[in-house]
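# Structural overview for review
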Amino acid sequence: METTPETAGPETPQRRADARRNHERVFAAALEVFGEVGLQGTVPQVAERAAVGKATVYRSYPTKEDLLEAVVGHRLAALDRDTAPALELTDTYERFRAFVLRLFESLAGDRLLSEALATAQFQTASNLLVRLSGLMQEAKATGRVRDDATVFDLRVVLCGMTLQLMRTAERDPALWRRYGELTLQALRP
């Protein structure tokens, strides 16, 4: 008689718990590896950090892109929580300003998220840029953002600064905030 998950012996729950623990270890390791080295991180690096084999990583995430999408999605969810207070501000310019500054502070310690935003390779990262662009468009009505500022302008200035800071391995949130301020100044009339 074949053993199915429903009729499996007493060892099955242990294997499921092991698989769940391995999945959690892989994800935690991926957060660390990709956060440190960005998109250049590899599945072997994740497997080594998680102390599992590459096959264990591929069981949960069939491709590196699947793993990256999960990690980027997780980091963006955390960023959404960090930037949520900015979205509650009533003044449209202050909402945009607070969002940009909090974004820069959050990106200071996350190479992967910086690269994901710069490349817009991931749909979830693209959604963040769409939200940020919407905030900029709303802030234009205050006269505190250039009328001719475009979404492309915002992306070039913001992503250009984040990429340079990341490439110099700068991690100080205060310095990143300073460049957030410079981004805002570049968009002023």
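Residues numbered from 1 in each chain as written. Predicted model: local features only at pLDDT ≥ 70, side-chain atom pairs only at ≥ 80, totals over all residues. Heavy atoms only, no water.

### Some words on the overall build of the protein
Helices and strands together make up the secondary structure of the protein, namely nine helices and zero strands. Reading the secondary structure of the protein in the N-to-C direction produces α-α-α-α-α-α-α-α-α. Here the protein, with 189 residues, has 39% of them falling under the buried criterion. Partitioning the contacts of the protein with sequence separation of at least 6, the portion at a separation of at least 24 is 68%. (Helix = DSSP H or I, 4+ residues; strand = E, 2+ residues; numbered from the N terminus. Buried < 20%, exposed > 50% of the residue type's maximum accessible area, 1.4 Å probe, protein only. Contact = heavy atoms within 4.5 Å.)

### Here we look at the side chain of E115
In this fold, E115 is placed in helix α6 (residues 111-119). Once you skip the residues sitting within four places of it in the chain, E115 turns out to touch V37, G38, L39, Q40 and M166.

### Quick look at the packing of aromatic side chains
Taken as a whole and assessed by the stated rule, the structure comprises two aromatic pairs. Taken together, a centroid distance of 6.4 Å and an interplanar angle of 65 degrees make the contact between Y93 and F96 edge-to-face. With Y93 and F96 both in helix α5 (residues 92-107) and three residues apart, this pair spans about one turn of that helix. Of the two residues, Y93 and F96, neither departs from the other in class, the shared state being buried. Against the face of Y179 rests R178, its NZ or CZ located 5.4 Å from the ring centre. (Phe/Tyr/Trp six-rings, centres within 6.5 Å; stacked < 30°, edge-to-face > 60°. Lys NZ or Arg CZ within 6 Å of the ring centre and 35° of its normal.)

### Section: the packing of helix α4 (residues 64-87) against α6
For the pair α4 and α6, the least separation of the axes is 10 Å and the interaxial angle reads 100 degrees. Between α4 and α6, the angle is such that the two are roughly perpendicular. Here α4 contributes L68, V71, V72, R75, L76 and L79 to the contact with α6, which in turn contributes L112, L113 and A116. A class-by-class count of the residues in the contact of α4 with α6 yields eight nonpolar, no polar and one charged. (Axes fitted to C-alpha atoms, helices over the stretch in contact; angles between N-to-C directions. Parallel < 35°, antiparallel > 145°, perpendicular 65-115°, else oblique. Nonpolar A, V, L, I, M, F, W, Y, C, P; charged D, E, K, R; others polar.)

### A few points about the side chain of T183
As for its position among the elements, T183 is in helix α9 (residues 173-186). Assessed through its relative accessible area of 0%, T183 is described here as buried. Ignoring anything within four residues of it in the chain, the contact list for T183 reads F104, V157, L158 and M161.

### Quick look at the packing of α6 against helix α8 (residues 151-167)
At a closest axis distance of 9 Å, the pairing of α6 and α8 adopts a crossing angle of 145 degrees. The element α6 and its partner α8 pack so that their crossing is left-handed. Between α6 and α8, the contacting residues are R111, S114, E115, L117, A118 and T119 on the first element and R155, C159, T162, L163 and M166 on the second. When grouped by side-chain class, the residues that make up the contact of α6 with α8 number five nonpolar, three polar and three charged. (Left-handed = near helix turned anticlockwise from the far one by under 90°.)

### Thoughts on the pattern of salt bridges
Enumeration over the complete set of coordinates arrives at 14 salt bridges. Residues R49 and E36 are paired through a salt bridge, measuring 3.0 Å at the closest nitrogen-oxygen approach. You can see R49 sitting in helix α2 (residues 43-50) and its partner E36 sitting in helix α1 (residues 11-37), a full 13 residues away along the chain. In this structure E36 comes out as partly exposed when scored by relative accessible area, which is 43%. Its salt-bridge partner being E181, residue R97 comes within 2.8 Å of it at the nearest N-O pair. A residue pair is termed long-range when its members are at least 10 positions apart, and R97 in helix α5 and E181 in helix α9 qualify at 84 residues. Look at the salt bridges and you will find they share partners, linking D82, R102, E105 and R177 into a network. (Salt bridge = Lys/Arg side-chain N within 4 Å of Asp/Glu carboxyl O.)

### Considering the environment of K64
The topology assignment puts K64 in helix α4. Classification of K64 by relative accessible area gives partly exposed; the value is 23%. Separated by 21 residues in sequence, K64 and V43 place their C-alpha atoms 6.5 Å apart. Excluding residues that lie within four positions of it along the chain, K64 makes contacts with F34, L39, Q40, G41 and V43. Among the polar contacts listed, one links the side chain of K64 to the backbone oxygen of L39, at a separation of 2.8 Å. (Polar contact = N/O pair within 3.5 Å; in protein donor to acceptor, adjacent residues only side chain to side chain.)

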